[in-house]
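# Results of the structural survey
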Amino acid sequence: MQTRHNAGKDEFVGELKGLLQTWMMDARPCLVLGAILVVALSVPAAGAVAGFQMPAMIGEAALSKICKYGNGIWGWGMLFNDFPKIYGIC
């Protein structure tokens, strides 16, 4: 069953590759190089944005656990005891 799905996917990828190659052969070289440059720069830029946002998301998740379990009994509160209450984070 999986080979049937892979065969369909391989056919789709081959057709897409052929369309891209046809467009690249028919287009002006500067346009093709510009399209390649946009893709080549946008992928690392998206990775950098995700990399800069990840620590903020992890910190926010950790802070929500500190505020939820900040009584020193469970979770992160066991490590920080009354840290959120003392410094007014929660």
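Residues numbered from 1 in each chain as written. Predicted model: local features only at pLDDT ≥ 70, side-chain atom pairs only at ≥ 80, totals over all residues. Heavy atoms only, no water.

Turning next to the overall build of the protein. The number of helices and strands found in the protein is 4 helices and 0 strands. In the protein, the order of α-helices and β-strands from amino to carboxyl end is α-α-α-α. Burial statistics for the protein: of 90 residues in total, 7% are counted as buried. Counting every atom, the protein has about 7800 Å² of accessible surface; 70% of that belongs to carbon and sulfur. (Helix = DSSP H or I, 4+ residues; strand = E, 2+ residues; numbered from the N terminus. Buried < 20%, exposed > 50% of the residue type's maximum accessible area, 1.4 Å probe, protein only. Areas by Shrake-Rupley, 256 points an atom, 1.4 Å probe, with all protein chains shown as cover.)

With 61% of its residues at a pLDDT of at least 70, the protein reaches an overall mean of 76. Across residues 70-74, confidence stays below pLDDT 50; counting only partners more than four residues off in sequence or on other chains, it has 11 contacts. (pLDDT = per-residue confidence, 0-100. Contact = heavy atoms within 4.5 Å.)

Moving on: a nonpolar patch on the surface. Among the surface-exposed residues, L20, W23, M24, L31, L33 and I36 lie close enough to one another that they form a single nonpolar patch of about 580 Å² accessible area. Elements that contribute at least two residues to the nonpolar patch include exactly α1 (2-26) and α2 (29-68). The topology assignment puts L33 in helix α2. Given the relative accessible area of 58%, L33 is considered exposed. (Patch = residues over 30% accessible without salt bridge, like charges linked within 9 Å, V, L, I, M, F, W, Y side chains within 5 Å. Salt bridge = Lys/Arg side-chain N within 4 Å of Asp/Glu carboxyl O.)

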